[in-house]
Structures are given as C-alpha cells and as structure tokens.
Amino acid sequence: MGLKTLLGIRRCRWKKSARKFITKTKTAFPQYLWDTFYEISEYFLRKELSSMPECAFLFRLSHDLEVNAKIVEIGSWIGESTCLLASGLKGSEAKMYAIDNFKGNASDPSAKMRYQERMSKLKIDNTKEIFDKNITHFNLESRITAIVADSITAAKTFCEPLHSIDLLFIDGDHSEEATKNDIKAWLPFVKHGGIVVFHDFTSNHGVPQAIWWATKQSYFSDLLGIHGTTIAFRVP
C-alpha cells in the first residue's frame, strides 16, 4: 500500500469520525456554527495538537462570549486553536491576541526537543510564516494580532487595559514555574467574570501543579468544564 493510498484512507476515516462527532454534538448544541468548525478541523488534519472534543469546547467557549469580546492566547504554534477561537468572535471590534515566540522554546528539555523535531521535519526554524498563512486562509487577519514574544515580555507592554480580556487561553511553556508566571502576569487583564482556559492540565509537566496552586489562591470562582486535557474556570 502506497503512502498516498494510506493517507487517503486515514482522511476518509477522519471524515467519518468527524461527521459522527459533529452530528452528535450539533444535536446537543445546535446554536453553534459547526460547518465552520468542521472546515477548520479538516484544514488542520494531521497537524492538530488537540482532540476534536477539546477543539469543540474551545469553539463553544468563544462563541458564547459577548459581542466585541477580546481573547488572549498564550502559545499559538501554527494557529489551529487561534483560528477556532477567533472564528467564534462577534462584532467589528472583537479582537484576539496570539502570543508566541514561534520558535518552540520551552524550559522543559523534553518539550523543547519535541517542538524542535517538528520544526526540523518542516525544515524551518520558527512557525510564524506557517501561522500567518493559516490565519490568512480563513480571512482572520483583521481579527487576530500576533505578538512575537515570550508571555511575560508581552504582558509588560500589552496594549489593552487591565480587566478587559474576556477569555485567556494558556497553552505556552508547560513547566510549573512558567505556568504560574503566565497566571500571575495575565490574570489581572481578565475581566471579572471572565474565563481562563488551560491546555494539557493532565500532562506530566507542571500545568496541573500550577492550576492547583492558583485554585488554592482563590483565583477562580467556578469550574466551567473539562474536555480531554482542556479545563476552563470562571474568574471571580
């Protein structure tokens, strides 16, 4: 069996599984634009870093935000979650900020190695060009602003005022210290009643420890949901 045939079989299986998932999900949540979700998911097929239920959860959270909402994403890679989140925003003044150094830098050696291996296969030293191409494909350039910097540097010069962000998605450096620093640097920008989402909270890195630390600090008021390795909280 040739590679082309194998990839065709995998795509066919994915489409069957995706349509089954969307049909079931659409019954439970008919108010969302599932055709858009499918289009984005299919575009990122074989490049995705999250499961379909996790992506659908992000998609729904974004769609539920008020008109002209603002989102900050820490860790954007090639833009899959960026496109899913931005596609749900409503209003001419809605905005999304995607923060990443786009070089796969991470304090955890194993995580850094994985990202470097992925970029080596792509024959690039950063993913910014791919990110831009993906954003342009979905005509989201006017809605998304990429900030090429590490999270803490970006927070120091961020253009939006405190308590102005509706949703914060933390998916950057997964070490405990880095995740804590992301929380401390960016939580002041989140509105009262806003949402903080974490990816890979079940990983063997430091994300779960950082979330537990933040919970003990009473940084969150309610648990909004858990899907796969993605967890969302309401901010008091």
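Everything here concerns the structure above.
Residues numbered from 1 in each chain as written. Predicted model: local features only at pLDDT ≥ 70, side-chain atom pairs only at ≥ 80, totals over all residues. Heavy atoms only, no water.

Chemist: Outline helix H3 (residues 52-63), listing residues and values.
Modeler: With 12 residues, H3 should cover 16 Å at 1.5 Å per step; its first-to-last C-alpha distance of 16 Å lies within 8% of that length. Along H3, 11 of the 12 residues are buried, which leaves the element largely enclosed by surrounding structure. Listing the buried residues of H3 in full gives Met-52, Glu-54, Cys-55, Ala-56, Phe-57, Leu-58, Phe-59, Arg-60, Leu-61, Ser-62 and His-63. (Helix = DSSP H or I, 4+ residues; strand = E, 2+ residues; numbered from the N terminus. Expected span 1.5 Å × (residues − 1). Buried < 20%, exposed > 50% of the residue type's maximum accessible area, 1.4 Å probe, protein only.)

Chemist: So, the pattern of salt bridges: which residues are in play, and what are the values?
Modeler: The full count for this structure, using the stated rule, is six salt bridges. Linking Glu-42 and Arg-11 is a salt bridge whose minimum nitrogen-to-oxygen distance equals 3.6 Å. Note that Glu-42 is positioned in helix H2 (residues 34-43) and Arg-11 in helix H1 (residues 3-28), a separation of 31 residues in sequence. Using a relative accessible area of 21% as the deciding quantity, one classes Glu-42 as partly exposed. Salt-bridge contacts for Glu-66 lead to Lys-191; the nearest nitrogen and oxygen are separated by 2.8 Å. One end of the pair, Glu-66, is in the loop between H3 and strand S1 (70-74); the other, Lys-191, is in strand S5 (residues 190-199), with 125 residues separating them in the sequence. On the basis of relative accessibility, which here comes to 24%, the residue Lys-191 falls in the partly exposed class. (Salt bridge = Lys/Arg side-chain N within 4 Å of Asp/Glu carboxyl O.)

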